[in-house]
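Now for the letters of each chain:
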Amino acid sequence: MPPEPVTEAEPEAASASPAERARILVVDDELANTVLLTRILHAVGYRDVVATNDPREAWETFASALAAGRPFDLLCTDLHMPGMGGLELIERVVGAVPRDDFLPVLVLTADLQPEAEREALARGAQDFVTKPFRREQIRLRVGNLLRTRHLHLRLRDHAEHLEELVRERTIELEAARLDALERLAAAAEYRDHATGRHAQRVGLLSALIAERVGVPPDEVELLRRAAPLHDVGKIGIPDHILLKPGRLTREEFAEMQRHVGVGAQLLSQGRSQLIVMAECIAAYHHERWDGSGYPRGLRGDEIPLVGQIVAVADVFDTLVHERPYKRAWPVEEAVAEVRRQRGRWFAPRMVDAFLEVLADHPDLFADLPPPDPAGEPG
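Cut-off values and rules
Residues numbered from 1 in each chain as written. Predicted model: local features only at pLDDT ≥ 70, side-chain atom pairs only at ≥ 80, totals over all residues. Heavy atoms only, no water. Helix = DSSP H or I, 4+ residues; strand = E, 2+ residues; numbered from the N terminus. Pairing = 2+ DSSP bridges. Right-handed = clockwise from strand over helix to strand, strands pointing away. Buried < 20%, exposed > 50% of the residue type's maximum accessible area, 1.4 Å probe, protein only. Polar contact = N/O pair within 3.5 Å; in protein donor to acceptor, adjacent residues only side chain to side chain. Contact = heavy atoms within 4.5 Å. Core = buried A, V, L, I, M, F, W, Y, C linked by side-chain atoms within 4.5 Å.

1. Details of unusual backbone geometry
Residue Pro132 follows Lys131 across a cis peptide bond; omega there is 0°. Among the secondary structure elements, Pro132 is positioned in the loop between β5 (127-130) and α5 (135-192).

2. Side note on the pairing of β5
As paired strands, strand β4 (residues 105-109) and β5 are joined by four bridges and run parallel to one another. Its bridge partner being in β5, Val107 is matched across the sheet by Phe128. Taken together, β4, helix α4 (residues 114-123) and β5 form a β-α-β motif whose crossover is right-handed.

3. Quick word on the pairing of strand β1 (residues 23-27)
Counting buried positions along β1 gives five out of five residues, so the element sits mostly inside the fold. Both faces of β1 are covered, namely the face carrying Arg23, Leu25 and Val27 and the face carrying Ile24 and Val26. Judged from the five bridges that link them, β1 and strand β2 (residues 48-52) form a sheet pairing that is parallel. In the sheet register, Val27 faces β2, and the bridge partner there is Thr52. Between the parallel pair β1 and β2, the chain is carried across by helix α1 (residues 31-43), and the sense of this crossover is right-handed. Where β1 and strand β3 (residues 74-77) come together, four bridges link them in parallel fashion. Paired with Val26 across the two strands is Cys76, which belongs to β3.

4. Points about the side chain of Asp73
Along the chain, the position of Asp73 falls in the loop between α2 (55-67) and β3. Asp73 gets classed as buried once you look at its relative accessible area, which sits at 14%. In this structure the side chain of Asp73 is engaged in a polar contact, spanning 2.6 Å, whose partner is the side chain of Arg149. If we ignore the near neighbours within four places in the chain, the residues touching Asp73 are Ala22, Arg23, Leu103, Pro104, Leu146, Arg149 and Leu153.

5. What to know about the nonpolar core
Soluble globular proteins tend to bury their nonpolar side chains together. Counting residues in each nonpolar core, the largest one holds 46 residues, and the members touching the most others are Ile209, Leu223, Ile281, Ile309, Phe316 and Phe354. Counting only elements with at least two residues in this core, the list comes to α6 (198-212), α7 (217-226), α10 (273-284), α11 (305-319), α12 (331-340) and α13 (348-360). Aside from chain neighbours lying at most four places away, what touches Ile209 is Ile309, Val312, Ala313, Met350, Ala353, Phe354 and Val357. Counting 21 residues, the second-largest nonpolar core is a separate cluster that includes Val27, Phe62, Phe72 and Val97.

Pasting the structure below:
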């Protein structure tokens, strides 16, 4: 049956739908077919129609539009064309579209063989119309395909919006969690360290040491945030022991040692990498390289890496700041003490890294007050 005659293009409705504003690429090696299909599309309300009789030109046009951020919304193509067949064109076009996108392909062909339809659908086409086609047939098939694409784009945009909301909420929750952890560390420090900010200084120095021993950057940042929680277990130590202005008795020291277990328990069963690392630090930062530490008496590399790092940072910062039971040591004497404990209290390479940090950052402790000449270190 001959193609249905078409009238002149009707004026575009002012309230054209998104589908009717779609960009359509028409490809057929017969000029009469592209002219007829373009007229039908215009007549039913589609204005942005690009037609060509050369499939190679069609591919270049499609690729250029995609690269320019103005992709086509529908491809209408014949199958049997010289230079580049419709199947190859479909395969190229579908392969170029991003995975999260959907480009409908309508095949219009005089080939009535079932194999042709199966092959076209297998390559990525969504619908198959045999020639000669009718205006109403084109209107319905094109309309359905474009509505499907429009729905896909809406769903994709909605999904991206939801993902953005999730990202924002995740950032908010992470900020709230870090704030809670910092407040927890500050609460423990408030009871123990009159000088303040010990926890933050230990975090900074631990991160600098970690960089020196080759810890990956993302883990260095985790350590900077986790190390301030090393003494969180002191929340569970009575004030008369924690704040005693003098040496502890054996029984009192045993009670003080409980803070590592209390801290590890407080941080246990954490799901984030940060909490898991903080639990490890709380549990092992008082172990010593020679096995004389607590709570488990681990020796050498039995001690987790983060425990080895924080041990150096914690002791050094404690030495150079005043506590209820001691005066502040001069930096030079504190550094000398860390050197003396290389291979005994501390892992040798952590001491070496610590010394390199001090050499590279000579002003790291420049804000320390001068030691009290009336006091003795210790």
